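Observations on the three-dimensional arrangement
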Amino acid sequence: MRFLCIHCHFYQPPRENPWLEQIELQDSAYPYHDWNERISAECYGPNLAARILDGQQRIASIVNNYSKISFNFGPTLLSWAAEHAPETYRGLIDADRQSRDRFSGHGSAIAQAYNHIIMPLANRRDKITQIRWGIDDFSSRFGRHPEGMWLPETAVDIESLDLLAEAGIAYTILAPHQAKAIRPTGGSAADNADWQDVTGSKIDPTRAYVFHTPSGKSINIFFYDGPISQAVAFEKLLDNGEKFASRLLGGFSDLRSGPQLVHIATDGETYGHHHRHGEMALAYSLDYIESKKSARITNYGEFLQLNPPVWEVQIYEHTAWSCVHGVERWRSNCGCNSGRAGWHQEWRRPLREALDFLRDWVTPRFESASQPLLRDPWAARDAYIRVVLDRAPESREQFGREQFARDLSSDEQVIVWKLMELQRHAMLMYTSCGWFFDDLSGIETVQVIEYAGRVVQLAEQLFGDQVEEQFLSRLASARSNLSEYGSGADIYRRYVKPSIVDLEKVGAHYSISSLFAPYGDRTDIFSYTAKRLDYHTRDAGKMRMALGQASFTSKITQECEILTFWVVHFGDHNVAGGVKKFDGGSSYQDLLEALSDSFSRVDIPEVVRLLDRRFGEKTYSLRSLFRDEQRRIVRTILSTTVAEAEAAYLQLYEHHAALMRFIASLGTPMPREFIAAVEYALNSLLRRACSAEELDGERIRSLLREAQASNINLDKTTLEFLLRHKIESLARQFVADPASLAKLEHLENTLRICRQTPFLVNLWSVQNDIYALQNTVYARTRKRAARGDAKAQNWTAAYLRLCELLSIQVP
């Protein structure tokens, strides 16, 4: 009679560059490449292998939280995970399979409206596509139709519920304040007398409710327990697993009759990212409740099967879980924000109005351009998710057979793909995060403006009409709280305009980076492919030149061009290049000969004049490179300079170390010049020591003692990251050859070194690897050891020492 369900909404704003389809380097996520990678390491991965500790704080068991909870992952986040965190991605899919075995065939994963738009603020056509794309994305990953669907921000209106029901969705989850009235099932639609008002969060959250739509369909709704959910998110309930379990069990009441479902809904990132070790509190609480048989852990699908709703419900439309003003947070200055005192959000309304203008401007043009090419433009958009999920030629051919109005030429197919991408980005630009936070200049808001920039680019390419200035005139009404950012139009010109990519810019990136990392015949550059047709280099002292031709193709739109390019590196950061369309004549060979002659004579002015005449005045530089490659090349250019600076600091430190130690022993403040030299030198030496093929424990300990005596700041983030990856590499080597006592002892010795550092090294991955051997290699070897096998005894003893170092309980 007592059921418990915890729902986690896992989601991150899309962070991909709209033109490259990849997340570029984000320095704020250091030591990780970007925030998706960082949050995955802090939350998504740890929930796959959450620890339950014993009384001595040792790992007693490792469990997959996802298999015991209800969860949804945003489709755009899952797309990232499939490519960049494949182990986590596979673990999520496997967890859903496990949950089906656990919960009477009902999987715990549910779908989400595709890119987290606020559904009540979307037009009907976008709602249909968001639901269709969310279902198809889910089905392609989990291999089944979703039973439930998460509405972004739980923002709801009757039309959205009707469309969910029409799409075969059995249930959704809302906040308690979104319920308006309830009554027992079976009442007359015309009789309003028996409805009971539940305004003010008075609804009983332990039941399932059915909602009947005006079109005669129905969908089940679960209203989560508001106070407990709030406590998880904001009251440090995850500081203690037993306390968390107690609070969950407190949601049951002996005053209620019939089956009760206590359930909560929170952001999944709460468990590990927002609250460190929150995944452990979740794992412990579920284990605690199960072991004491205090309630039956379930998911919504199983509960519905066992306990069909006997109450129906009415809702408040245009409401959401994170805005007390309905859905105003996503279209007005309603007062909901992240807490920056004195700031306003007047920018929200003009931002949405500018995007609405852009959407409505492209819609009739999209329909007109599509008519000769597609049987039904909007049905084609709904079906395009299959191409988004798999851009292989076979997928495109299948789409063509179903959606093309006739056999299309290659150029006409490019137009279709551009039309589909236009529509994809016209939905992405409504991603809710763009309005959620405090200022127009925030990265989430800039991201949705970038999506709009992609719409503008495609629209002008496809339709020949100019829309950018009309869009910017409306965007100019959105004003930042920070005067240096100005308006939305200023932000567009400052951040979005320089980010716009076309094939020429890809060619410039290719040509410049080719001088620093030679390419093969075929090269992938994010969402583009470069096929080298001709390439020549010339060197003259520090200077280097390249001239060539290549075919560049968009993997997304299939647009292709042959470009001629040149680039000259004059030394240091001085790089210049140019790109133009291939003219098909003999001018390329003439240019190659002329340049080779001028360059061999080191007649640089003549080289520049030749290139200017052939390529025009538009030139590219290191600033034109995409961010990751730009950073890599800058590091390459600076490597010699950095090495020189490092050598100078090390020399100063080594020559005067004794004097510095003497000054420190006197308690006399050390000159700032000495402090800078010591800090740089010791951190540099420690980075080298932690990256060495064989770790020298005594050397590391000596350097750490020196750092402590000199009272300098260690680069703990980098040092921890280096040591962690070293240990993870050794653990993988051992797991690949677990019978090797030498590899086991090598890992043990390295861990002993790490135990002596003044910072904690994250051993999560290593613990997983070693724990996994308990029931396999360790169990078999222990039996041999018990029979007197000396090698097995030595291995077992070393494994037990290793587990002790890793705080793993061994039965």
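Please refer to the structure higher up on the page.
It should be emphasised that the depicted structure is a prediction, and the values quoted were computed from it without experimental measurement.

1. Some words on helix α26 (residues 741-754)
The terminal C-alpha atoms of α26, which comprises 14 residues, lie 20 Å apart, in line with the 20 Å expected from a rise of 1.5 Å per residue. Where α26 is buried, its residues touch α24 (697-710), α25 (716-736), α27 (764-771) and α29 (790-805).

2. Comments concerning the environment of F463
Considering the arrangement of structural elements, one finds F463 in helix α16 (residues 443-463). The spatial distance from the C-alpha of F463 to the C-alpha of Y316 is 41 Å, given a sequence separation of 147 residues. Residues in contact with F463, not counting those within four places in the same chain, are W361, V362, R365, F366, A369, L419 and L422.

3. Section: the environment of R705
Note on placement: R705 falls in helix α24. For R705, a relative accessible area of 47% puts it in the partly exposed group. In the structure, R705 is positioned 697 residues away from C8 in sequence and 45 Å away in space, judged by C-alpha atoms.

4. As for the sheet that holds strand β10 (residues 208-212)
Across the sheet, which stays open at both edges, the six strands sit in the order β7-β11-β10-β14-β8-β9 with mixed pairing between neighbours. This sheet does not close on itself; its edge strands, each paired only once, are β7 (171-174) and β9 (196-197). Strand contacts of helix α5 (residues 158-166): β7, β10, β11 (218-223) and β14 (311-315), with the helix running at about 115° to β11, the strand carrying the most contacts.

5. As for the packing of α25 against α27
Between α25 and α27, whose axes approach to 9 Å, the crossing angle comes to 15°. With respect to their mutual orientation, α25 and α27 come out roughly parallel. In the packing of α25 onto α27, the handedness of the crossing is left-handed. Facing α25, whose interface residues are I727, E728, A731, R732, F734 and V735, α27 presents S765, V766, D769 and I770. Here the residues of the contact of α25 with α27 are counted per class, giving six nonpolar, one polar and three charged.

6. Looking at the packing of aromatic side chains
Scanning the model with the defined rule gives 38 aromatic pairs in all. Relative to F71, the ring of Y66 has its centre 5.4 Å away and its plane inclined at 65°; by these criteria the two rings are edge-to-face. A relative accessible area of 0% places F71 in the buried class. With 6.4 Å between their ring centres and 55° between their planes, W361 and F463 make a pair best called tilted. On the criterion of sequence distance, the pair formed by W361 in helix α10 (residues 348-370) and F463 in helix α16 is long-range, its members being 102 residues apart. Neither W361 nor F463 differs from the other in exposure class; each is buried. Following the ring pairs from residue to residue traces out a cluster consisting of Y114, W133, Y384, F399, F404 and W417. The ring centre of W343 lies 4.2 Å from the NZ or CZ of R340, which sits over that ring.

7. What to know about the pairing of strand β16 (residues 528-540)
Direction of pairing for strand β15 (residues 522-525) relative to β16: antiparallel, over a ladder of four bridges. Looking at β16, one finds that T523 is bridged to A530. Counting the residues that bridge the hairpin from β15 to β16 gives two residues, and of these F526 lies at a positive phi of roughly 55°. Note that β16 and strand β17 (residues 543-554) share twelve bridges and pair antiparallel. Looking at β17, one finds that K531 is bridged to S551. Counting the residues between successive antiparallel strands, the hairpin from β16 to β17 contains two residues, one of them, G541, with a positive phi of roughly 65°.

Thresholds, definitions, all that
- Along each chain, residue indices are assigned from 1 in the same order as the chain's sequence is written.
- Local features in a predicted model are, by the rule used here, given only for residues with pLDDT of at least 70; side-chain atom pairs are given and counted only at 80 or more, and totals for whole chains, interfaces and linings are based on all residues.
- Side-chain calculation: all heavy atoms of the structure are included, whereas hydrogens and water are not.
- Think of it this way: any DSSP run of H or I at least four residues long counts as a helix, any run of E at least two long counts as a strand, and we number them from the N terminus.
- Expected helix span is given by 1.5 Å per residue-to-residue step, counting one fewer step than there are residues.
- The contact definition used throughout considers only heavy atoms, calling two residues in contact when any of these lie within 4.5 Å.
- Partly exposed describes any residue whose relative accessible area lies between the buried limit of under 20% and the exposed limit of over 50%, with all areas from a 1.4 Å probe on protein chains only and scaled to the type maximum.
- DSSP-based pairing: two strands are paired if at least 2 bridges between them are found.
- Helix axes are fitted only over the stretch in contact, all axes being lines through C-alpha atoms; the angle between N-to-C directions runs from 0 to 180 degrees.
- Orientation labels follow simple angle bins: below 35 degrees gives roughly parallel, above 145 gives roughly antiparallel, 65 to 115 gives roughly perpendicular, and whatever is left gives oblique.
- By definition, any crossing whose near helix is turned counterclockwise from its far helix by less than a right angle is left-handed, and any crossing with a clockwise turn is right-handed.
- Amino acids outside the nonpolar list (Ala, Val, Leu, Ile, Met, Phe, Trp, Tyr, Cys, Pro) and the charged list (Asp, Glu, Lys, Arg) are all regarded as polar, and Gly is one of them.
- Centres within 6.5 Å make a pair out of two Phe, Tyr or Trp rings, where for Trp the six-membered ring is used; the pair is then stacked when the planes are under 30 degrees apart, edge-to-face when over 60, and tilted otherwise.
- Note on geometry: a ring has a charge over it if NZ (lysine) or CZ (arginine) is within 6 Å of the ring centre and within 35 degrees of the ring normal.

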